[in-house]
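So you can see what is in the structure, the chains are spelled out below.
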Protein chains: 2
Amino acid sequence: MNMSPLQKLRLEYKPEVAKALQDISTIGFEEVPSAPLLQEVSAVFPRLAAQENLKITHGVSVACSAKRVGVVFSGGQAAGGHNVIAALFDALHEVAPTSELFGFLNGPSGIVTGNYIPLTKEIIDSFRNLGGFDMIGSGRTKIETPEQLQGAFRVVKELKLDGLVIIGGDDSNTNAAYLAQYFLDQGLDQGSDQGYPISVIGIPKTIDGDLQNEWVSIPFGFDTACKVYSETIGNLAKDALSAKKYYYFIKLMGRSASHITLECAMETHPNLALIGEEVAAKKQTLSAVVESIVQLIQERAEAHKDYGVILIPEGLIEFMQDMQELIVELNRLLGGTKKNILEELSPGARYSFQSLPQAIQEQLLGDRDPHGNVQVSKIETERLLITLVREELRKRASTGRYKGTFSPQPIFCGYEGRSALPTNFDATYCYNLGRVAAVLIMHGKTGYMAALQALREPPAVWQPAAVSLVSMMHLEERKGKIKPVIKKTLVDLEGPVFKMFAAQREAWRLVDDYMQPGPIQFSS
Amino acid sequence: MNMSPLQKLRLEYKPEVAKALQDISTIGFEEVPSAPLLQEVSAVFPRLAAQENLKITHGVSVACSAKRVGVVFSGGQAAGGHNVIAALFDALHEVAPTSELFGFLNGPSGIVTGNYIPLTKEIIDSFRNLGGFDMIGSGRTKIETPEQLQGAFRVVKELKLDGLVIIGGDDSNTNAAYLAQYFLDQGLDQGSDQGYPISVIGIPKTIDGDLQNEWVSIPFGFDTACKVYSETIGNLAKDALSAKKYYYFIKLMGRSASHITLECAMETHPNLALIGEEVAAKKQTLSAVVESIVQLIQERAEAHKDYGVILIPEGLIEFMQDMQELIVELNRLLGGTKKNILEELSPGARYSFQSLPQAIQEQLLGDRDPHGNVQVSKIETERLLITLVREELRKRASTGRYKGTFSPQPIFCGYEGRSALPTNFDATYCYNLGRVAAVLIMHGKTGYMAALQALREPPAVWQPAAVSLVSMMHLEERKGKIKPVIKKTLVDLEGPVFKMFAAQREAWRLVDDYMQPGPIQFSS
């Protein structure tokens, strides 16, 4: 594999291991009582429902033995994933040199079909601290149908796996819980009252930042993605301030939740950062959001500033009242067919649809996601807003209400943030997460997500933990059925980050207070 | 001004000064005979025509005195510009603490209208090594009309300027030569045979890299822009290789010439990098270029690779034979009106126009540049190619010739590369260029561009030089008239960089040999 000088340098980086994770042979667990599950969740996961969350304790001597473990990347890339695998490899071999680690290829479909490679020291050493998921690839297949579940079980048995580590987001970890339950059920069928003995362990991964709660401080990859995007935003802000003629409409990847936009706003101080959750709380429609942007541009024009920086979360339009209604109707209406949409929509939704530019209408009617839903991430919200803002500014210009010039530039910060070289934080965080996963497998735990707490402190004092996958579940409609799934965490409008943002943003509107974080530095 | 921790850190960076530039009081010049000018150039610039290029020599003791100097940014941002100004400030004050430096605001229009600020140590110190042109802003006004020239002369006289430093690209430096000639003429009118005594000095600035020749190794900003774009391209390549489902069509800023694309290709090893100059040399049409991309995609699909990375220079379509003819006709036809285009185009151009997607047709008919030309940079070539490639792949799929899936993502690497934090190279290069400019002003030289040679060596041994602006000129049509202008340097298909690329690119098509340069590191 060809490597840049920086990639070669990063291979040598040594992530610090938390003190609590250094001696695997003396790690034990303390159960932490958690809130009772929803009855519907308990019903679907009877064998996992009684599990408590865990904190790691010390001084317990445990007989660690050689383990056979499989690992898979599930879903979109996030920086640091290779270090989870490297840590698993190191920990398993530290305990017993005869341990084996298998990498399932190109996502969970590799588990179903038995497509895997044994991971050797040579492979591991050539991916330490590097970005991407290319060591073994990733994919979005879910293991859901009876045939898929049986296939996975067959492969797991053939490989005599003691553990299966699933590196994924909320959906993939939901799937991990179903797998854990299924493997336990298979054991029961075979007369064991312990279930089939395999540890299914999830790792919190997603740049979107929407997998966080009392136990999981943040998914890995969020830190790197925000820093990559903030580099770009800071550069564009500097450019806006220099040329004084462009409005940068910057859409930021991150699916529904606006965590990335919020974090990048704190790092760069844009003139406006739209937060989807706030748009929803205020029940704003598309035209209300457009009005808020036009208002900013008009105020700045009056201050002789025909330039600026506006951040737009990828999921924004899902949070607009009228667009959400339209999307819900479109999701229900279309089973792949694109005909007669206008006739079938309700009058309100039809009006909303018709008021959209042609290009956006086509994007709404484009390919569906695997759940059969409109792919909101494919809608070019930054271009939609530019088109509608321009129309409104023209109206105001014609009546003399607005006197500026408007040169917008649509920007999308997306895929380049997923496979970047991980920051020192993500590299170290992932390495420690992988080590927690190894410990959980040593102890035969299943249906847990590896976690670390006290992440704002130095790595030495990070606190390892494990959270039961089902404890994070609530009920959602999926393909027309109500199912227990791990809850996506949206931006909390009462939380400290949003409050800090809300306290400062007024000051950023007219006085350009841009910050330029610059490129990620690995040395400090 | 709000600053990130990295910006604050960069303020403290000390660019190394070339040995040859350390003691300003002992610097002299040696004339280097250059090729004779075109007669048409000599005719327009009679007072500059006899000037030879200069190399700096030493041991000459020169009486340096306090100077009053103005400086201006002209045209698009490029990383390092603030260091040119910082070096000017430092050098002028090193020679005489009573020297004064004035910054003209928001581009050359500031010279015409007398819109300037005195630059103080406090201002200078808060922009050292930082990106953007926001210390004094930039702009694209040219000083061309008699009124503009008179305005500039009045301001220069009022401020009693000894020197005027114009930081710009080929157009801005062409304009600098006209200004130098005009000021000399004004002196003559007033009975002096020396002309009005002001040094007009140009600094080679443009991320596009198209201002390079025997004397000017590279314009500043090119290094930083290529590294910013290569970071993104490397991240996207890693992402393509991980997810194995996207084709990234990456358009790179850089105007006509494909220097940036070529350099980024060498840094990242994409599957395909289109080079405009080669497309022109091969007389390829749009459909030939589309065919070459489709061919790549088909070959990769046969190798079970439905993903890849394709680099597209911003100016590509100008180099396609049919598109160039269309653009030339459009440039001639339209004086702002958008009507009856189809009727007025020649049959060939009409056919080309009609074969384009609607969105691209609109972009071709959109706002013109200040010369009245179609703004090629506003045409979304990456989207045009995706549309046409998709059409052709569908045709081939329908006959069974192509069996892959095609998920393209259009990407534009642009404005974020102009105002990034300068690399150590650009920071140091600019600081030394500013110092060369100061020396030229001390010696009363005018109509020169500051230059440094041996840039591949450590900064200590860089060789200062000055190249006569008119010596870089050739003849071009501007607004219907043939005028002497500084020549843009296109990619040389016989040059070492292109040859190195051509020797390797076949190996990059099917075997993924991507490199990920990662973010710019300032510490090494």
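Along each chain, residues carry numbers from 1 onward, in the same order as the chain's sequence is written. To read the labels, note that chains go from A and ligands from 1, taken in the order they are written. In view of the model being predicted, local features appear only for residues whose pLDDT reaches at least 70, and side-chain atom pairs are presented and counted only at 80 or more, with totals across whole chains, interfaces and linings using the full set of residues. No hydrogens and no water enter the side-chain calculation; it runs on all heavy atoms of the structure.

A count of helices and strands for chain A gives 19 helices and 16 strands. For the radius of gyration, the atoms used are the C-alpha atoms, and the globule rule reads 2.2 Å times the number of residues raised to 0.38. Compactness check: chain A gives a C-alpha radius of gyration of 24 Å against a globular reference of 24 Å for 524 residues, within 12% of the reference. Contacts are assigned to residue pairs with any non-hydrogen atoms lying within 4.5 Å of each other. Residue pairs in contact within chain A that sit at least 24 positions apart in sequence constitute 78% of those at least 6 positions apart. To be clear on the numbers: accessible area is Shrake-Rupley with a 1.4 Å probe, and residue cover counts the displayed protein chains and nothing else. Surface accessibility of chain A: about 20100 Å² in total, with carbon and sulfur atoms responsible for 51%. Positive: Lys, Arg. Negative: Asp, Glu. His and the chain ends are not part of the count. Every charge is mapped onto a representative atom, which is NZ of Lys, CZ of Arg, CG of Asp or CD of Glu. Across chain A, the centroid of the 52 positively charged side chains sits 3 Å from that of the 60 negatively charged ones. By the criteria applied, helices consist of DSSP H or I runs no shorter than four residues and strands consist of E runs no shorter than two, each listed in order from the N terminus.

Another point: the relation of the copies chain B and chain A. To superpose the copies, least squares is applied to the C-alpha atoms of every residue with a pLDDT of at least 70 in both. Least-squares fitting of chain B to chain A yields an RMSD of 0.0 Å, with the superposition described by an axial translation of 0.0 Å and a rotation of 180 degrees. Expressed as an axis order, the relation between the two copies is that of a two-fold axis. In this assembly the copies share their binding face: 100% of the residues contributing to the interface of chain B also contribute to that of chain A.

With that settled, the discussion passes to unusual backbone geometry. Residue and element names in this part refer to chain A. The phi torsion at Asn129 lies on the positive side, around 65 degrees, for a residue other than glycine. In this fold, Asn129 is placed in the loop between helix H5 (121-125) and strand E6 (138-139). Residue class for Asn129 comes out buried when judged on its relative accessible area of 1%. Exposed residues in this analysis have more than 50% of their type's maximum accessible area, buried residues have under 20%, and partly exposed residues fall in between, with area computed by a 1.4 Å probe over protein chains only.

There is a patch of like positive charges on the surface, built from Lys245(A), Arg390(A), Arg394(A), Arg140(B), Arg255(B) and Lys378(B). Summarising the element assignment, Lys378(B) is placed in the loop between helix H16 (358-364) and helix H17 (381-398). Taking relative accessible area as the criterion, Lys378(B) reaches 44% and is therefore assigned partly exposed. Patches draw on residues past 30% relative accessible area with no salt bridge. Two like charges within 9 Å are joined, as are two nonpolar side chains (Val, Leu, Ile, Met, Phe, Trp, Tyr) within 5 Å. Should a side-chain nitrogen of Lys or Arg be within 4 Å of a carboxyl oxygen of Asp or Glu, the pair is scored as a salt bridge.

Here chain A shows a mean pLDDT of 94. Residues at 70 or above account for 97%. For this predicted complex, the interface score ipTM comes out at 0.96, while the overall pTM is 0.97. You can read pLDDT as the predictor saying how much it trusts each residue, on a scale of 0 to 100.

With that out of the way, let us pick up the sheet that holds strand E12 (residues 408-413) of chain B. Residues and elements named next belong to chain B. What the four strands build is an open sheet, ordered E10-E11-E9-E12; its pairing is parallel. Across the chains shown, the open sheet's two edge strands, defined by having one partner strand only, are strand E10 (272-273) and E12. When DSSP finds two or more bridges between two strands, those strands count as paired. Pairing between E10 and strand E11 (residues 308-313): two bridges, direction parallel. Bridge pairing links Leu272 to Ile310 in E11. Geometry is summarised by axes, namely lines fitted to C-alpha atoms with helices restricted to the contacting stretch, and by angles between N-to-C directions that run from 0 to 180 degrees. The sheet contacts of helix H9 (residues 259-268) involve strand E9 (247-252), E10 and E11, and relative to E11 the element is tilted by about 155 degrees.

So, about the nonpolar core. In terms of nonpolar packing, the biggest core is built from 184 residues, with Tyr229(A) and Tyr229(B) touching the most fellow members. Dropping the residues within four chain positions of it, Tyr229(B) is found in contact with Ile207(B), Leu252(B), Met253(B), Ile260(B), Cys264(B), Cys413(B), Gly414(B), Glu416(B) and Gly417(B). Grouping buried Ala, Val, Leu, Ile, Met, Phe, Trp, Tyr and Cys residues that are joined through side-chain atoms within 4.5 Å yields what is termed a nonpolar core.

Turning our attention to the packing of H9(B) against helix H19 (residues 496-510) of chain B. All names here are of chain B. In the contact formed by H9 and H19, the axes pass within 10 Å of each other and the chain directions differ by 50 degrees. As the angle between them shows, H9 and H19 are arranged oblique. In the crossing of H9 with H19, the sense of the turn from one axis to the other is left-handed. Two secondary-structure elements touch here, H9 through Leu262, Ala265 and Met266 and H19 through Val497, Phe498, Met500, Phe501, Gln504 and Trp508. Any residue that is not Ala, Val, Leu, Ile, Met, Phe, Trp, Tyr, Cys, Pro, Asp, Glu, Lys or Arg is counted as polar, Gly included; the first ten are nonpolar and the last four charged. Residues that form the contact of H9 with H19 fall into these classes: eight nonpolar, one polar and no charged. If an angle is under 35 degrees, it is roughly parallel; if it is over 145, roughly antiparallel; if it lies from 65 to 115, roughly perpendicular; otherwise it is oblique. Note: crossing handedness is left-handed where the near helix turns anticlockwise from the far helix by less than a right angle, and right-handed where it turns clockwise.

Remark: the centre distance and the inter-plane angle together describe each pair of aromatic rings, the angle taken between the planes. Each pair of aromatic rings taken from Phe, Tyr and Trp, with Trp reduced to its six-membered ring, is defined by centres within 6.5 Å and is described as stacked if the planes are under 30 degrees apart, edge-to-face if over 60, and tilted in the remaining cases. As enumerated under the stated definition, the model contains 38 aromatic pairs over all chains in all. Arranged with centres 3.8 Å apart and planes meeting at 5 degrees, the rings of Phe73(B) and Phe133(B) form a pair that is stacked. Highlighted residues: Phe73(B) in strand E3 (residues 68-74) and Phe133(B) in the loop between helix H5 (121-125) and strand E6 (138-139), separated in sequence by 60 residues. Neither Phe73(B) nor Phe133(B) differs from the other in exposure class; each is buried. One aromatic cluster is present, formed by Phe153(A), Tyr182(A), Phe183(A) and Tyr196(A) through successive ring pairs. It is Arg10(A) that lies over the ring of Tyr13(A); its NZ or CZ is 4.4 Å from the centre. Seen from the ring of Tyr307(B), Arg300(B) lies directly overhead, with NZ or CZ sitting 5.0 Å from the centre. Placement of a charge over a ring requires the Lys NZ or Arg CZ to be within 6 Å of the ring centre, with the centre-to-atom vector within 35 degrees of the ring normal.

What follows concerns the interface of chain B and chain A. In this assembly, 50 residues from chain B lie in contact with 50 residues from chain A. Our enumeration of links across chain B and chain A arrives at six salt bridges. When the shortest N-O distance is used, the salt bridge between Glu380(A) and Arg383(B) registers 2.7 Å. Here a polar contact is taken to be a pair of N or O atoms separated by no more than 3.5 Å, where protein atoms must pair a possible hydrogen donor with a possible acceptor and residues adjacent in sequence count only if both atoms sit in side chains. At the boundary of chain B and chain A, one finds 34 residue pairs in polar contact (both at pLDDT 80 or more). Here the element with the most residues in the side of chain B that touches chain A is helix H8 (residues 222-243) of chain B; it accounts for ten residues. Class assignment of the residues belonging to the side of chain B that touches chain A gives a composition of 19 nonpolar, 19 polar and twelve charged.

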